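Understanding the architecture of this molecule
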Amino acid sequence: RLATVGADKIVQLFDEHGDKQDRFSTKPADKVMRTYIVKTIEFSPDSSKLAVAQSDNIVFVYKLGNDWKDKKSICNKFAQTSSVTCLCWPS
């Protein structure tokens, strides 16, 4: 799997052949202040989750599911004291 995200804050998911399979919008930490950028993303070791670090001082973990079209949902969130610029899952 490959994931990309652009200035539009939409994560796009690609298969091993480079074909786009799905996409989903990221969410702001604060629903009132929607100003943020995605700083970095990282797949979990088994590719079932995607961590998304944002400039609004939060890391959301999205559950991706087993199939490409499964619903993408936030399964955890980690508030930070500053913007996260690098992610690494424990092995």
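It should be noted that the structure appears before, not after, this text.
Residues numbered from 1 in each chain as written. Predicted model: local features only at pLDDT ≥ 70, side-chain atom pairs only at ≥ 80, totals over all residues. Heavy atoms only, no water.

**Comments concerning the pattern of salt bridges**
Applying the stated rule across the entire model yields one salt bridge. Two residues, Lys 72 and Asp 22, come together in a salt bridge whose shortest N-O distance is 2.7 Å. Placement of Lys 72 in the loop between strand S6 (58–63) and strand S7 (73–79) and of Asp 22 in strand S3 (residues 20–25) is noted, with a sequence separation of 50 residues between them. For Lys 72, a relative accessible area of 14% gives the class buried. Of the residues examined, Asp 22 reaches a relative accessible area of 13% and is grouped as buried. (Salt bridge = Lys/Arg side-chain N within 4 Å of Asp/Glu carboxyl O. Helix = DSSP H or I, 4+ residues; strand = E, 2+ residues; numbered from the N terminus. Buried < 20%, exposed > 50% of the residue type's maximum accessible area, 1.4 Å probe, protein only.)

**Here's the deal with the nonpolar core**
Counting residues in hydrophobic clusters, the biggest one holds 15 residues, and the most contacted among them are Ala 3, Leu 13, Phe 24, Leu 50 and Leu 64. For this core, the elements supplying multiple residues, two or more each, are strand S2 (10–14), strand S4 (38–43), strand S5 (49–54) and S6. Ignoring any residue separated from it by four or fewer positions in sequence, one finds Leu 50 in contact with Ala 3, Val 11, Phe 24, Ile 41, Glu 42, Phe 43, Phe 60, Val 61, Tyr 62 and Leu 64. (Core = buried A, V, L, I, M, F, W, Y, C linked by side-chain atoms within 4.5 Å. Contact = heavy atoms within 4.5 Å.)

**Some remarks on the pairing of S6**
Where burial is concerned, most of S6 is hidden: five out of the six residues are buried. As defined by bridge partners, S5 adjoins S6 across six bridges and the pair is classed as antiparallel. From the neighbouring strand, Val 52 faces S6, where its bridge partner is Phe 60. In this antiparallel pair of consecutive strands, S5 and S6, the connection spans three residues, and Asn 57 shows a positive phi of 65°. Where S6 lies against S7, six bridges are found, and the strand directions are antiparallel. Residue pairing across strands places Phe 60 opposite Lys 77, the latter belonging to S7. (Pairing = 2+ DSSP bridges.)

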